[in-house]
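Read off the chains here:
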Amino acid sequence: MSETRDIDMSVRIGGLTLRNPVMPASGTFAEGLESVIDFNRLGAMVTKTITRELRAGNPLPRVVEQPGGMINAIGIPSKGVPYFIERTLPCYTPYDTPLVVSISAPTAEGFASLAAELSIPGVAAIEANISCPNIEEDGKAFAMRAESTENVTRHLRAATNLPLWMKLTPNTGDMPEVARAAEAAGADAVVVANTILSMAIDLKTFKPCLGNIMGGLSGPAVKPIVLRHVFQCARAVGIPVIGCGGISCADDAAEYLLAGASAVQVGTATFVKPAVMVDIIDGLATFCQRRDIPRVADLIGATVIEEADEPDVSWLSPAS
Amino acid sequence: MAVHRDLSPETPPPPPPAEEDDSHARWKASVVSELARVVDNRAINAEYRHLVADCGEESAQARPGQFFQLLCPQPPGGGQPFLRRPMSLYGVDPEKRRVEFLYKVAGLGTRGLETLRAGDRLDIMGPLGQGFRLNADCRHIVAVGRGAGLATLAPLAKAAEARGIGVTAILSARRPDLLVSVELFRHHGAEVITVTDSQSTSGPANVERLLRRLIAEGRCDAFFTCGSSRLMGVQQRLAREFDLPGQVAMEQQMACGIGLCHCCVRDFNVNGEIVSRRVCWDGPVFDLMEALP
Ligand SMILES: Cc1cc2nc3c(=O)[nH]c(=O)nc-3n(C[C@H](O)[C@H](O)[C@H](O)COP(=O)(O)O)c2cc1C
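Residues numbered from 1 in each chain as written. Chains lettered and ligands numbered in written order. Predicted model: local features only at pLDDT ≥ 70, side-chain atom pairs only at ≥ 80, totals over all residues. Heavy atoms only, no water.

A closer look at the sheet that holds strand 6 (residues 69-72) of chain A
Sheet strands pair via backbone hydrogen bonds, and the direction of the pair is either parallel or antiparallel.
Residue and element names in this part refer to chain A.
Right, so step 1: The sheet built from 4 strands is open, its strands ordered 5-6-12-11 with antiparallel pairing. Edge positions in the open sheet fall to strand 5 (63-66) and strand 11 (196-199), since each of these has one partner strand only. Adjacent strand axes in the sheet meet at a mean angle of 40°, parallel and antiparallel pairs treated alike.
Right, so step 2: As paired elements, strand 6 and strand 12 (residues 214-218) share 3 bridges and run antiparallel to each other. Pairing of Met70 across the sheet is with Ser218, part of strand 12. (Pairing = 2+ DSSP bridges. Helix = DSSP H or I, 4+ residues; strand = E, 2+ residues; numbered from the N terminus. Axes fitted to C-alpha atoms, helices over the stretch in contact; angles between N-to-C directions.)

Looking at the interface of chain A and chain B
Right, so step 1: Taken together, the contacts link 41 residues of chain A with 37 residues of chain B.
Right, so step 2: Approximately 3500 Å² of surface area, both sides summed, lies buried where chain A meets chain B, with 59% of it carried by carbon and sulfur atoms.
Right, so step 3: Of all residues in chain A, Glu65, Phe271 and Val272 of chain A give up the largest surface area on contact with chain B, accounting jointly for 17% of the area buried on that side.
Right, so step 4: Applying the counting criterion to the chain A and chain B interface returns 1 salt bridge.
Right, so step 5: A salt bridge links Arg85 of chain B to Glu65 of chain A; the nearest nitrogen and oxygen atoms lie 2.9 Å apart.
Right, so step 6: Scanning the region where chain A abuts chain B turns up 9 residue pairs in polar contact (both at pLDDT 80 or more).
Right, so step 7: Those elements that provide at least two residues to the side of chain A that touches chain B are strand 5, strand 6, helix 7 (269-272) and helix 8 (276-290) of chain A.
Right, so step 8: Tallied by class, the residues present in the side of chain A that touches chain B amount to 19 nonpolar, 11 polar and 11 charged. (Contact = heavy atoms within 4.5 Å. Buried area = accessible area lost by both parts, 1.4 Å probe. Salt bridge = Lys/Arg side-chain N within 4 Å of Asp/Glu carboxyl O. Polar contact = N/O pair within 3.5 Å; in protein donor to acceptor, adjacent residues only side chain to side chain. Nonpolar A, V, L, I, M, F, W, Y, C, P; charged D, E, K, R; others polar.)

Some thoughts on helix 6 (residues 229-242) of chain B
All names here are of chain B.
Right, so step 1: With 14 residues, helix 6 should reach 20 Å at 1.5 Å per residue; the first-to-last C-alpha distance of 20 Å fits that figure.
Right, so step 2: Taken as a whole, helix 6 has its buried residues at Leu231, Met232, Val234, Gln235, Gln236, Leu238 and Ala239.
Right, so step 3: Summarising the contacts, the buried residues of helix 6 are in contact with strand 8 (140-146), strand 9 (166-173), helix 5 (204-216), strand 11 (222-226) and strand 12 (246-249).
Right, so step 4: Two or three places before Arg230, at the start of helix 6, stands the capping residue Ser228, its side-chain oxygen 3.4 Å from that residue's backbone nitrogen.
Right, so step 5: Count one or two residues on from helix 6 and you reach Asp243, which has phi positive near 55°. (Expected span 1.5 Å × (residues − 1). Buried < 20%, exposed > 50% of the residue type's maximum accessible area, 1.4 Å probe, protein only.)

Observations concerning the UniProt feature "domain: FAD-binding FR-type" (unreviewed entry) in chain B
Right, so step 1: Summarizing the sequence annotation, UniProt attributes the feature "domain: FAD-binding FR-type" (unreviewed entry) to residues 31-134 of chain B in the numbering used throughout.
Right, so step 2: Secondary structure over residues 31-134 of chain B splits into 7% helix and 44% strand, and the C-alpha atoms at its two ends are 22 Å apart. (UniProt positions renumbered as here; feature names shortened; annotations may be inferred.)

Concerning the packing of aromatic side chains
Residue and element names in this part refer to chain A.
Right, so step 1: Applying the stated criterion across every chain, the model contains 8 aromatic pairs over all chains.
Right, so step 2: Relative to Tyr95, the ring of Phe39 has its centre 5.1 Å away and its plane inclined at 55°; by these criteria the two rings are tilted. Of this pair, Phe39 sits in the loop between strand 3 (22-24) and strand 4 (45-46) while Tyr95 is found in the loop between helix 1 (81-92) and strand 7 (99-103), placing the two residues 56 residues apart along the sequence. By the burial criterion, Phe39 is buried, and Tyr95 matches it. (Phe/Tyr/Trp six-rings, centres within 6.5 Å; stacked < 30°, edge-to-face > 60°.)

Section: the pattern of salt bridges
Right, so step 1: Here the structure, examined in full by the defined rule, presents 28 salt bridges over all chains.
Right, so step 2: The partner of Arg145 of chain A in a salt bridge is Glu147 of chain A, and the shortest N-O contact between them spans 3.2 Å.
Right, so step 3: In this structure, Glu183 of chain B and Arg186 of chain B form a salt bridge, with 3.7 Å as the shortest nitrogen-oxygen distance. Residue Glu183 of chain B and its partner Arg186 of chain B are located together in helix 4 (residues 182-187), separated by 3 residues, close to a single helical turn.

Quick word on the nonpolar core
Right, so step 1: Residues Ile103, Trp165, Met166, Leu168 and Val192 of chain A together with Leu211 of chain B are the most contacted members of the largest nonpolar core, which totals 149 residues.
Right, so step 2: In terms of residue count, helix 8 of chain A provides more of this core than any other element does, 9 residues in total.
Right, so step 3: Lining this core are residues from two domains, each supplying at least three of them: domain 1 (32-128) and domain 2 (140-249) of chain B.
Right, so step 4: If we ignore the near neighbours within four places in the chain, the residues touching Met166 of chain A are Ala128, Ile130, Val152, Thr153, Leu156, Ala182, Ala187, Ala189, Val190 and Val191 of chain A. (Core = buried A, V, L, I, M, F, W, Y, C linked by side-chain atoms within 4.5 Å. Domains from an automatic or database assignment.)

A short note on the sheet that holds strand 3 (residues 67-71) of chain B
All names here are of chain B.
Right, so step 1: Here we have 7 strands laid out as an open sheet, ordered 4-3-7-1-2-6-5, and antiparallel in their pairing. Edge positions in the sheet fall to strand 4 (85-88) and strand 5 (91-93), since each of these pairs with one other strand and no more. Averaged over all neighbouring strand pairs, the angle between strand axes comes to 35°, with direction disregarded.
Right, so step 2: Pairing between strand 1 (residues 32-43) and strand 2 (residues 48-54): 6 bridges, direction antiparallel. Note on strand 2: the bridge partner recorded for Asn41 is Leu51.

Some remarks on the site of the ligand
Right, so step 1: By nearness alone, 24 residues border the ligand, and Ser26, Thr49, Lys167, Gly246 and Thr268 of chain A come closest of all.
Right, so step 2: One finds residues of chains A and B in close proximity to the ligand.
Right, so step 3: At 3.0 Å from an oxygen atom of the ligand is found a side-chain nitrogen or oxygen belonging to Lys48 of chain A.
Right, so step 4: Lys167 of chain A has a polar side-chain atom sitting 2.7 Å from an oxygen atom of the ligand.
Right, so step 5: Computed on the free molecule, the ligand has an accessible area of 610 Å², of which 98% lies beneath the protein chains in the complex.
Right, so step 6: Residues belonging to the shell around the ligand are distributed by class as follows: 8 nonpolar, 14 polar and 2 charged. (Near = heavy atom within 4 Å. Areas by Shrake-Rupley, 256 points an atom, 1.4 Å probe, with all protein chains shown as cover.)

Here you go:
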């Protein structure tokens, strides 16, 4: 489609320039998708989270469908670092697309040493998954609190020169504060967000639908909530925000950019429409074209807020 | 757009170094999601329905043991099934470009499938997974199936016939009227032995007796099975005793169907070591001796 050729689709995330703002969300992308889409079309590639420890993952069932989404409790199965370097990494080196490696560890020191070990050629950035609801008991994660986020980010920053993205959780009271903590400790970007802690119960058996009891909600159902988080975080920090939650079409992606995201990650939608990321890239170009917007980056944070539109929160005060 | 038949790059990235150029220029999808056109969708017995759909070239390349992920329509009065539903290939015709599935109406997705009429569109994604491998030096194979396994094994009949391999199919069901694939196997020259719960012939002891006879007659160079872990156990024991190879198609709840999400994992015994594999990507067909019930 020659009509899409004129739009400058590139975006900058810290020191990294991406050919377009669309990339997969961690845990929803692997070599297998190469049978459906050309990875050279993507803005970046993001691996499933890996850990140093060998992990089996959670008991089955690991997913349950919901209206407009799904809850997962996969639990970060990991074959460790040597396997990743020898077997997984070479799958992506043939592509001319930056590879972002998602990591997790039980401690700040563990995060740092893993990031150091993975700061190798072929890895373009580190995404620290400090927000997985499925590994700690009761869905706990570093990114639920600003102090632990600041601490783990500081350790990571000292351990690697690669661009450092901190993936945050919506399962906290004050995401902007957590995002500010990540920025203060040297993060290059924040990813907003991981899944929303949730659960479902089977009415035939009275048992939880997931082997792990609780899991993370993703898909279109979470989009309005996460979009709001992106809007708030983008106002709170100066570093780029990467939006992630329920994006299933170009309009969703455009909405995220307008809310302040500099790029977007697409997860669950790929399970339903495996080529959706390519559709979104083409659709974003068309979106800009139709509106005479020369650069997709012009959309970032371009939500029009008129003074009267400023949220009125006075009704929240106890007096009202 | 739900049809992704041609994904040739449209906004080319800055030209990569010359050495890399070639491979990427020729990238082509081997798995497609496309809108197939329903040709027929009718009940074939009290449990199973037969769905036939016209499809594109890639889908029509599906091989026995592979599967598709179907985006099921919304059933009347029900919600929209969010995830795709895995469905074993029941039949494929590369010339007519046609795929066939057999399904039992069990949940939201299959209740949606039931509503499809001739001419309707159905979003199918495939072909997926590792199918059965028919070894050329096999003279005669045995296919043992039950439940949905009867559908999964069915495409073997035509494939084996095309390679001049003899087939004996042992097909198991609760009652004779619930058996499927019997005529299909016979049509492709297979011998069919039916066993049922209602006739008390489907127990593992009887199936073992039948299999021992086939082995003794030199008519079992390999086992192919799907749909019953009890019958799989019988075949594993016999395979060990007589040093015979085998393949099993496994089932598991799936989400993505292409190895991304790790939701459909199962444990396998690989030379004494327990290894976790993805049914959708590493399978659904696995070495019989590595499978665990
Ligand atoms: C099956 C599945 C596995 C996931 N695994 C990971 C993971 O390993 N690491 C991670 O940071 N996020 C993981 N996520 C979260 C996604 O990356 C993403 O943050 C979330 O699903 C929201 O985006 P979506 O609505 O587009 O899916 C996973 C999500 C799903 C559905």
